[in-house]
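Structural features, examined
Each chain, letter by letter, is given below.
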Amino acid sequence: MRDLDECAADWFNDKIPNQWSRSHVTDFSKCDMLLNNGCESFNSSILEARDKPILSMCEWIIEYLMKRMQVNRDTAEQRWAGSFCPKIQKVIDQNFAELGDCISIKSDNFHYQVSCHDGRQYSVDLKNGTCGCRKWDLSGIPCKHALSAIDAQRLDYYEFTHKYYRVDYYRMVYAPAIMPINGRDEWNPTDQIPPMPPNVGRFVGRPKKQGGEKEMKLKRGGEKGKEEKC
Ligand SMILES: [Zn+2]
């Protein structure tokens with residue numbers, strides 16, 4: 001990295017390797033994304049509700065989740081016929097399409113040494129679901145090297161792809177429904193204190209109403225500008 005860019009190497013120097021390097025990231029989550037896009041998407045989707053009073057905001061979020069859960073449930077029930085969710089199947093198909101790039105040598109029934117045309121070589125362990133490139137370990141989706149070994153052993157990739165990506169698991173995630181609620185006129189009165197906004201006063205300047213993503217992008221832009229001067 002230092003050969004390519006001195007500044008980039010210095011910038012990474014004080015960062016914890018398991019936050020940016022595939023070789024150090026834990027494989028527990030079965031996710032190869034290191035982004036907080038999930039929070040950003042949620043934040044921007046509730047933009048319309050964020051300046052509402054607390055109860056109205058909660059009602060808006062309930063309706064939003066109720067619709068979203070049902071749409072996802074319908075999609076998986078009516079449109080997805082395969083074993084795996086379509087985006088995952090696409091990744092597997094792409095990896096299959098690159099099998100011609102791999103030459104696998106059998107070491108024993110579970111271990112293969114896989115070489116690629118670019119000179120790289122990886123050790124694949126079918127028993128533990130690992131490959132030297134770590135893509136399989138991190139994501140749970142067999143990389144092209146793993147598929148090459150699976151194919152050579154005449155096995156089914158279904159058994160080697162993490163169950164989290166199966167359509168039946170997706171359906172399980174969205175099986176619980178957000179139940180409908182009666183309007184406020186029908187609610188039972190309680191002697192609890194009604195929820196009120198926090199008493200923090202008003203901040204100086206125009207109130208912010210931007211999605212988290214936009215704020216992050218602006219921030220990143222600032223940081224980028226700083227890096228370029230380095
Ligand atoms: Zn691999």
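Calculation criteria
Residues numbered from 1 in each chain as written. Predicted model: local features only at pLDDT ≥ 70, side-chain atom pairs only at ≥ 80, totals over all residues. Heavy atoms only, no water. Axes fitted to C-alpha atoms, helices over the stretch in contact; angles between N-to-C directions. Helix = DSSP H or I, 4+ residues; strand = E, 2+ residues; numbered from the N terminus. Parallel < 35°, antiparallel > 145°, perpendicular 65-115°, else oblique. Left-handed = near helix turned anticlockwise from the far one by under 90°. Contact = heavy atoms within 4.5 Å. Nonpolar A, V, L, I, M, F, W, Y, C, P; charged D, E, K, R; others polar. pLDDT = per-residue confidence, 0-100. Donors = N, O, S within 2.8 Å, 3.2 Å for Na, K, Ca; no water. Tetrahedral: all angles 85-135°; square planar, octahedral: opposite > 155°, others 65-115°. Buried < 20%, exposed > 50% of the residue type's maximum accessible area, 1.4 Å probe, protein only. Pairing = 2+ DSSP bridges.

1. Details of the packing of helix α3 (residues 54–78) against helix α7 (residues 167–174)
In the contact formed by α3 and α7, the axes pass within 9 Å of each other and the chain directions differ by 155 degrees. By the criterion of interaxial angle, the relationship of α3 to α7 is roughly antiparallel. For the pair α3 and α7, the crossing hand works out as left-handed. Across from Met69, Asn72, Arg73, Ala76 and Glu77 in α3, the residues of α7 making contact are Val167, Tyr170, Arg171, Val173 and Tyr174. Looking at the contact of α3 with α7, its residues break down into six nonpolar, one polar and three charged.

2. Things to note about the confidence of the model for the chain
When pLDDT is low, close inspection of the predicted coordinates is not appropriate. Within the chain, residue pLDDT values average 86, and 87% of them lie at 70 or more. Across the chain, strand β3 (residues 121–125) holds the top mean pLDDT of 98, while helix α8 (residues 212–229) sits lowest at 44. Note that pLDDT drops below 50 for residues 211–230; the model gives that stretch twelve contacts with residues more than four away or on any other chain.

3. A word on the coordination of the zinc ion
Around the zinc ion, the protein contributes the donor atoms Cys131 (SG), Cys133 (SG), Cys143 (SG) and His145 (ND1), at 2.1 to 2.3 Å from the metal centre. One can describe the site at the zinc ion as tetrahedral: its four donor atoms subtend angles covering 107 to 112 degrees at the metal. Mapping the donors of the zinc ion onto the primary sequence yields the spacing C-x1-C-x9-C-x1-H. Residue classification places cysteine 131 among the buried residues on the basis of a relative accessible area of 3%. Look at cysteine 133 and you get buried, because its relative accessible area is 9%.

4. Topic: the pairing of β3
As a general feature of sheets, a regular strand has side chains that alternate between the two faces. Sheet topology places strand β2 (residues 111–116) next to β3; five bridges connect them, and they run antiparallel. Across the sheet, serine 115 pairs through a bridge with glutamine 121, a residue of β3. The hairpin turn running from β2 into β3, its antiparallel successor, is four residues long, and glycine 119 in that turn takes a positive phi close to 95 degrees. As defined by bridge partners, β3 adjoins strand β4 (residues 130–131) across two bridges and the pair is classed as antiparallel. Residue pairing in the sheet places valine 124 in a bridge with cysteine 131 of β4. Taken together, β3 and the strand that follows it, β4, pair antiparallel across an intervening segment of four residues, in which glycine 129 is found at a positive phi of about 65 degrees.

5. Looking at the sheet that holds β2
Taken in spatial order, the four strands of this open sheet run β1-β2-β3-β4, and their pairing is antiparallel. Looking at which strands have only one partner, the edges of the open sheet turn out to be β1 (102–106) and β4. In this sheet, β2 lies alongside β1 in antiparallel orientation, the contact comprising five bridges. Looking across to β2, one finds that isoleucine 105 is bridged to glutamine 113. The strands touched by helix α6 (residues 144–152) are β1, β2, β3 and β4; relative to β2, the strand with the most contacts, the crossing angle is about 125 degrees.

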